[in-house]
Amino acid sequence: MIDNIPLYSTVQNMTAKELTYAMNDIRETLKLHKVGTTYHKKLMQERDLILNKMSGEVVKEYIKIYGKLEK
């Protein structure tokens, strides 16, 4: 379930370079905020969306190179 549709839409339209920059920025910002705070939770949600997008791109590239995924 997507709780934040505008954020989801933004992440889906980001380039690989933008995703990498955002991921690094989130990683550094997480170090500054305590676990369990509202802002920490928001950052984790953004991180999860970015990871999902990046992993989807890896799967697409794998399929291009090696064909369909084996089960």
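Residues numbered from 1 in each chain as written. Predicted model: local features only at pLDDT ≥ 70, side-chain atom pairs only at ≥ 80, totals over all residues. Heavy atoms only, no water.

Our next topic: the nonpolar core. Counting 11 residues, the largest nonpolar core consists of L7, V11, M14, L19, A22, M23, I26, L30, L43, L49 and I50. Here this core gets five residues from one element, more than from any other, and that element is helix α2 (residues 16–30). Setting aside chain neighbours within four positions, we find M23 in contact with R47, I50 and L51. (Core = buried A, V, L, I, M, F, W, Y, C linked by side-chain atoms within 4.5 Å. Buried < 20%, exposed > 50% of the residue type's maximum accessible area, 1.4 Å probe, protein only. Helix = DSSP H or I, 4+ residues; strand = E, 2+ residues; numbered from the N terminus. Contact = heavy atoms within 4.5 Å.)

Under the criterion given, the structure shown has six salt bridges. Between E28 and K31 there is a salt bridge; the shortest N-O distance is 3.2 Å. The class of K31 is exposed, set by a relative accessible area of 59%. One salt bridge connects R47 with D48, and the closest N-O pair in it is separated by 3.0 Å. With a relative accessible area of 27%, R47 lands in the partly exposed category. (Salt bridge = Lys/Arg side-chain N within 4 Å of Asp/Glu carboxyl O.)

End to end, helix α3 (residues 38–66) covers 42 Å across 29 residues, agreeing with the expected 42 Å (1.5 Å per residue, within 8%). Those residues of α3 that fall on the buried side of the exposure criterion are H40, L43, E46, L49, I50 and K53. Two residues or fewer past α3, G67 is found with a positive phi of approximately 90°. (Expected span 1.5 Å × (residues − 1).)

Quick look at the packing of aromatic side chains now. Following the criterion strictly, the structure yields one aromatic pair and no others. Centre to centre, the rings of Y62 and Y66 are 4.9 Å apart; their planes meet at 45°, and the pair counts as tilted. Here Y62 pairs with Y66, and both are found in helix α3, just four residues apart, close to one helical turn. Judged by its relative accessible area of 37%, Y62 falls in the partly exposed class. (Phe/Tyr/Trp six-rings, centres within 6.5 Å; stacked < 30°, edge-to-face > 60°.)

Taken by themselves, the reported measurements are silent on function.
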